[in-house]
Amino acid sequence: MTTRNHCLERDAQDPLASLRDQFDLPAGVIYLDGNSLGARPKAALTRAQQVIAQEWGHDLIRSWNAAGWFELPRRLGNLLAPLIGAAEDEVVVTDTTSVNLFKALAAALQMQADEPASAGRRVIVTERSNFPTDIYMAQGLAGWLDRGYTLRLIDSPEELPGAIDADTAIVMLTHVNYRSGYQYDMAATSALAHDHGALIVWDLAHSAGAVPVDLHAGGADLAVGCTYKYLNGGPGAPAFIWVPKRHQPQFRQPLSGWWGHAAPFAMAPDFRPADGIARALCGTQPIVSLALVECGLNVHHQTSMQAIRAKSLALTDLFIELVEQRCAAHPLGLVTPRAHAQRGSHVSFTHPHGYAVMQALIARGVIGDYREPAIMRFGFTPLYTSHTDVWDAVEILRDILDRQDYNIDAKRDAVT
Ligand SMILES: *Cc1c(COP(=O)(O)O)cnc(C)c1O
């Protein structure tokens with residue numbers, strides 16, 4: 001049986017252990033919600049002061065050039081690219097995941113419409129359990145275009161092969177499911193879409209910085225993702241969009257703002273898309289927030305996705321093992337796949353009073369989150385979570401459950 005001492009030993013041998021010191025985590029907190037809002041890199045405070053006091057305060061408008069503000073979406077995209085198997089000049093950090101998904105879907109529909117053999121395809125296949133904004137954005141786009149596009153929602157990954165057919169324009173999937181933690185086999189799934197003539201758009205919100213991703217080897221057509229989760233970019237930090245070189249000439253998106261123009265400062269009356277990835281941009285970026293994304297990416301560049309994955313699997317395995325051993329008397333149901341290849345970096349358990357139990361955990365300093373229906377979600381961030389954190393979190397969970405120390409009438413917050 002695993003003991004707390006075993007966890008201490010594993011921490012002593014953990015090659016990533018020293019990276020925790022680069023994050024500012026409050027004392028007395030075990031933070032298991034880095035899958036929703038990553039912790040703050042210590043460097044972000046210094047960087048924010050520099051951007052606000054020096055670049056904005058002192059250098060003023062000169063900073064668009066002198067401090068590289070104008071280049072920032074592309075420079076950060078190149079810094080992020082190796083984490084997701086993207087090449088140079090294929091990624092920009094910009095806008096929100098929702099907005100980037102809109103651009104990606106619109107561009108993919110247009111690519112299909114431009115292809116005589118595919119022009120009649122009208123279906124976007126996705127999952128009912130996808131993160132709702134992804135479904136909403138696809139519904140919004142389909143409705144707005146008013147050309148007969150519809151969504152086909154599958155209820156489990158097993159239904160996917162039967163759902164893709166000659167009508168399918170796009171398969172739009174989230175690589176790691178936000179609720180269950182299920183991870184798709186990207187290469188096999190992309191191949192399935194392509195076999196039927198569909199394009200595949202991947203959402204990497206719960207993958208980027210959490211699990212190894214190789215967009216090129218994985219056969220992806222377009223991808224979007226988030227920087228404020230496992231990439232520790234800060235609350236509401238701009239998201240990213242990936243357009244591989246092979247699709248860039250055909251990539252046309254309707255949010256044709258001046259940052260995506262071939263010559264933004266020519267101030268010409270007609271839109272002409274920039275060559276390359278800049279055509280995925282729209283308008284002026286929130287520079288203060290965007291600048292902080294670099295601090296999280298810099299921590300990632302001190303290790304590798306392979307090392308992060310090895311520790312992530314060790315932490316999620318440990319958590320599952322300890323919960324199942326030490327909380328065996330309680331009605332907890334594992335939602336996350338046990339197979340490593342199908343698991344992201346968070347673990348979800350159902351409990352009939354999941355919301356109340358999670359509130360009790362948070363009150364005791366173990367911060368995870370709750371997702372309908374009855375799911376307690378625990379994110380494991382190898383950059384700053386230790387094996388001992390996992391042990392201590394499970395002990396607090398066990399104590400709460402054993403003593404039924406939770407309030408089943410707890411009032412729900414708007415954001416949980
Ligand atoms: C977190 C998340 C988002 C967030 O989208 P925003 O536009 O940043 O609010 C979108 N999709 C998925 C799959 C997510 O997990």
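Residues numbered from 1 in each chain as written. Predicted model: local features only at pLDDT ≥ 70, side-chain atom pairs only at ≥ 80, totals over all residues. Heavy atoms only, no water.

This brings us to the site of the ligand. Taken together, Thr96, Thr97, Ser98, Phe131, Thr133, Asp134, Thr174, Asp203, Ala205, His206, Tyr228 and Lys229 make up the full set of residues adjacent to the ligand. In the model, an oxygen atom of the ligand is placed 3.5 Å from a nitrogen or oxygen of the threonine 97 main chain. In the environment of the ligand, a nitrogen atom lies 3.1 Å from a nitrogen or oxygen atom belonging to the side chain of aspartate 203. Residue composition of the shell around the ligand, grouped by class: 3 nonpolar, 6 polar and 3 charged. (Near = heavy atom within 4 Å. Polar contact = N/O pair within 3.5 Å; in protein donor to acceptor, adjacent residues only side chain to side chain. Nonpolar A, V, L, I, M, F, W, Y, C, P; charged D, E, K, R; others polar.)

The next point concerns the pairing of strand 15 (residues 375-379). Burial of strand 15 is extensive: 5 of the 5 residues sit out of reach of the surface. Side chains Ile375, Arg377 and Gly379 of strand 15 all project onto a buried face; the interleaved residues Met376 and Phe378 project onto the opposite face, where all are buried too. As judged from the 5 bridges shared by strand 12 (residues 346-350) and strand 15, these two strands associate in the antiparallel manner. When the bridges of strand 15 are listed, serine 348 appears paired with arginine 377. Connecting the antiparallel pair strand 14 (residues 369-371) and strand 15 is a turn made up of 3 residues, with alanine 374 showing a positive phi of about 65°. (Buried < 20%, exposed > 50% of the residue type's maximum accessible area, 1.4 Å probe, protein only. Helix = DSSP H or I, 4+ residues; strand = E, 2+ residues; numbered from the N terminus. Pairing = 2+ DSSP bridges.)

If you look at the biggest cluster of nonpolar residues, it comprises 55 residues, and the most contacted ones within it are Ile84, Leu160, Val171, Trp202, Leu204, Leu215 and Phe240. Both domain 1 (4-42 + 303-403) and domain 2 (68-301) contribute no fewer than three residues apiece to this core. Ignoring any residue separated from it by four or fewer positions in sequence, one finds valine 171 in contact with Val125, Leu160, Ile164, Ala193, Ala198, Leu199, Ile200 and Val201. Listed in part, the 33 residues of the second largest apolar core include Leu322, Met358, Val394 and Leu401. (Core = buried A, V, L, I, M, F, W, Y, C linked by side-chain atoms within 4.5 Å. Domains from an automatic or database assignment. Contact = heavy atoms within 4.5 Å.)

Assigned domains within the protein chain: domain 1 (4-42 + 303-403) and domain 2 (68-301). Computed over C-alpha atoms, the centres of domain 1 and domain 2 are 29 Å apart. In this complex, domain 1 contributes 35 residues to the contact, which on the side of domain 2 involves 25 residues. Between domain 1 and domain 2, the buried area comes to about 2400 Å², and carbon and sulfur atoms account for 60% of it. The interface formed by domain 1 and domain 2 contains 0 salt bridges. (Buried area = accessible area lost by both parts, 1.4 Å probe. Salt bridge = Lys/Arg side-chain N within 4 Å of Asp/Glu carboxyl O.)

Moving on to the environment of tryptophan 56. Structurally, tryptophan 56 can be placed in helix 2 (residues 43-58). Note: C-alpha distance between tryptophan 56 and isoleucine 287 (231 residues apart in sequence) is 9.6 Å. Non-local contacts of tryptophan 56, meaning those with residues more than four positions away in its chain, are made with Val51, Ser63 and Trp69.

Bringing the layout of surface pockets into the picture now. For the largest pocket, the calculated volume is near 240 Å³. In terms of lining, the largest pocket is formed by 17 residues, of which the most central are Gly38, Ala39, Arg40, Gly234 and Pro235. Those elements giving two or more residues to the lining of the largest pocket turn out to be strand 3 (40-41), helix 2 and helix 9 (287-300). At 3 residues, helix 2 tops the list of elements feeding residues into the lining of the largest pocket. A breakdown of the residues in the lining of the largest pocket according to their chemical character gives 11 nonpolar, 5 polar and 1 charged. (1 Å grid on protein atoms, 1.4 Å probe; cavity = no way out; pocket = protein on both sides within 12 Å on 5 of 7 lines; lining within 4 Å. Points joined across faces, edges and corners; volume = space filled by probe spheres on them.)

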